[in-house]
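Survey of secondary and tertiary structure
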Amino acid sequence: MDMTMVFRQSFAIGLLTLAQALVPPLLAAGCLYAAAVMYGVSFDKDFLILTALVLVLGALLLQPQRSLTPQLIRGRLRVAGVIALRWLILLFVLLALGYATKSSTIFSRRTLLTWAIVTPVILVLAQFVMHEALRRVLSDPANARRSVFVGYNEISLALAQRIMKDSFAGLTVGGFFDDRGAARLGSTSGVQLCGGLKD
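Residues numbered from 1 in each chain as written. Predicted model: local features only at pLDDT ≥ 70, side-chain atom pairs only at ≥ 80, totals over all residues. Heavy atoms only, no water.

Let us look at the overall build of the chain. Tallying secondary structure elements over the chain gives seven helices and three strands in all. The secondary structure elements of the chain, listed N-terminal to C-terminal, are α-α-α-α-α-β-α-β-α-β. Sequence-distant contacts in the chain: of pairs separated by 6 or more residues, those separated by 24 or more amount to 72%. Element-wise, carbon and sulfur atoms account for 66% of the exposed surface of the chain, whose accessible area totals about 12300 Å². (Helix = DSSP H or I, 4+ residues; strand = E, 2+ residues; numbered from the N terminus. Contact = heavy atoms within 4.5 Å. Areas by Shrake-Rupley, 256 points an atom, 1.4 Å probe, with all protein chains shown as cover.)

Below, the structure written as structure tokens:
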């Protein structure tokens, strides 16, 4: 794999990871603005402060997991549940701040309720789109790296099967290195022995 290919893959993954970090708070703030416009509420100083709070809290609370693998192997329902839980925490913090500062009566309840209900749906859909884009970049055969195993046993075979099953890992299994011959290893169907441990 040449350096240009490595850069392209790393750049695409970096952009998608950056999008996963920036899109949720920006979407939450954009939905708040859209809800205010939809109901004809003036987007004044108070709404700007609320938007700034949403951006800061969204940047803290709506972040995906740092590791890519758990993000990609989770089911869609679990991802939606995590986003919904984090959204509820964000709403709770905003309500607590509004109660503590006695500023919750300033805002249109209809606008905030619409925003609170619609935004998590949009966040979940956006997360699914970004997950799919990341999955496609990582599972592209042109980006795959070759892996080999030193030693053939149940654990290495199970890991090899998992890598072959999960194409998003960006790995292909090149084979196994083991000093024992194929006859001594037992059932090696579908397994390529590449050589001994000294190789």
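What follows concerns unusual backbone geometry. We note that Lys102 has phi near 55 degrees; this positive angle belongs to a residue other than glycine. Along the chain, Lys102 turns up in the loop between helix H4 (76-101) and helix H5 (109-139). Taking relative accessible area as the criterion, Lys102 reaches 70% and is therefore assigned exposed. (Buried < 20%, exposed > 50% of the residue type's maximum accessible area, 1.4 Å probe, protein only.)

Overall, parallel pairing links the three strands, which are arranged S1-S2-S3 in an open sheet. The open sheet has two free edges, formed respectively by strand S1 (145-150) and strand S3 (193-195), since each of these has just one partner strand. Taking each pair of neighbouring strands and ignoring which way they run, the sheet shows an average axis angle of 45 degrees. Examined bridge by bridge, strand S2 (residues 171-177) and S3 share two bridges and lie parallel to one another. Bridge assignment links Phe176 to a residue of S3, and that residue is Leu193. Each of S1 and S2 is contacted by helix H6 (residues 154-165), which is oriented at about 155 degrees to S2, the strand it contacts most. (Pairing = 2+ DSSP bridges. Axes fitted to C-alpha atoms, helices over the stretch in contact; angles between N-to-C directions.)

If you trace the backbone, Thr114 turns up in helix H5. Judged by its relative accessible area of 19%, Thr114 falls in the buried class. Reaching out from Thr114, the side chain makes a polar contact with the backbone oxygen of Arg110 at a distance of 2.9 Å. Leave out the neighbours within four places in its chain, and Thr114 touches Met38 and Tyr39. (Polar contact = N/O pair within 3.5 Å; in protein donor to acceptor, adjacent residues only side chain to side chain.)

Below, the discussion takes up H6. Note: α-helices contain 3.6 residues per turn, so residues at a spacing of three or four share the same orientation. Between its first and last C-alpha, H6 extends 16 Å over twelve residues, near the 16 Å set by a 1.5 Å rise per residue. Residues Ser156, Ala160 and Ile163 constitute the buried set of H6. Angularly, the buried residues of H6 cover 60 degrees about the axis, an arc narrow enough to put them on a single face. Opposite the packed face of H6, turned more than 90 degrees from it, sit the exposed residues Glu154, Ile155 and Lys165. Against S1 and S2 lie the buried residues of H6. (Expected span 1.5 Å × (residues − 1). Arc of directions from axis to C-beta.)

Taken together, the side chains of Phe11, Leu15, Leu18, Leu22, Leu26 and Leu55 present a nonpolar region at the surface, about 550 Å² in accessible area. Sort the elements by how many residues they give to the nonpolar patch and helix H1 (residues 3-38) lands first, with five residues. Of note, Leu15 is situated in helix H1. (Patch = residues over 30% accessible without salt bridge, like charges linked within 9 Å, V, L, I, M, F, W, Y side chains within 5 Å. Salt bridge = Lys/Arg side-chain N within 4 Å of Asp/Glu carboxyl O.)

Another point: the packing of H4 against H5. At a closest axis distance of 10 Å, the pairing of H4 and H5 adopts a crossing angle of 140 degrees. The angle between H4 and H5 places the two elements in the oblique class. The element H4 and its partner H5 pack so that their crossing is right-handed. Facing Arg76, Val79, Ala80, Ile83, Trp87, Leu90, Leu91 and Leu94 of H4, the residues of H5 in contact are Trp115, Ala116, Thr119, Pro120, Leu123, Val124, Gln127, Phe128, His131 and Glu132. Residues of the contact of H4 with H5, tallied by class, amount to 13 nonpolar, three polar and two charged. (Parallel < 35°, antiparallel > 145°, perpendicular 65-115°, else oblique. Left-handed = near helix turned anticlockwise from the far one by under 90°. Nonpolar A, V, L, I, M, F, W, Y, C, P; charged D, E, K, R; others polar.)

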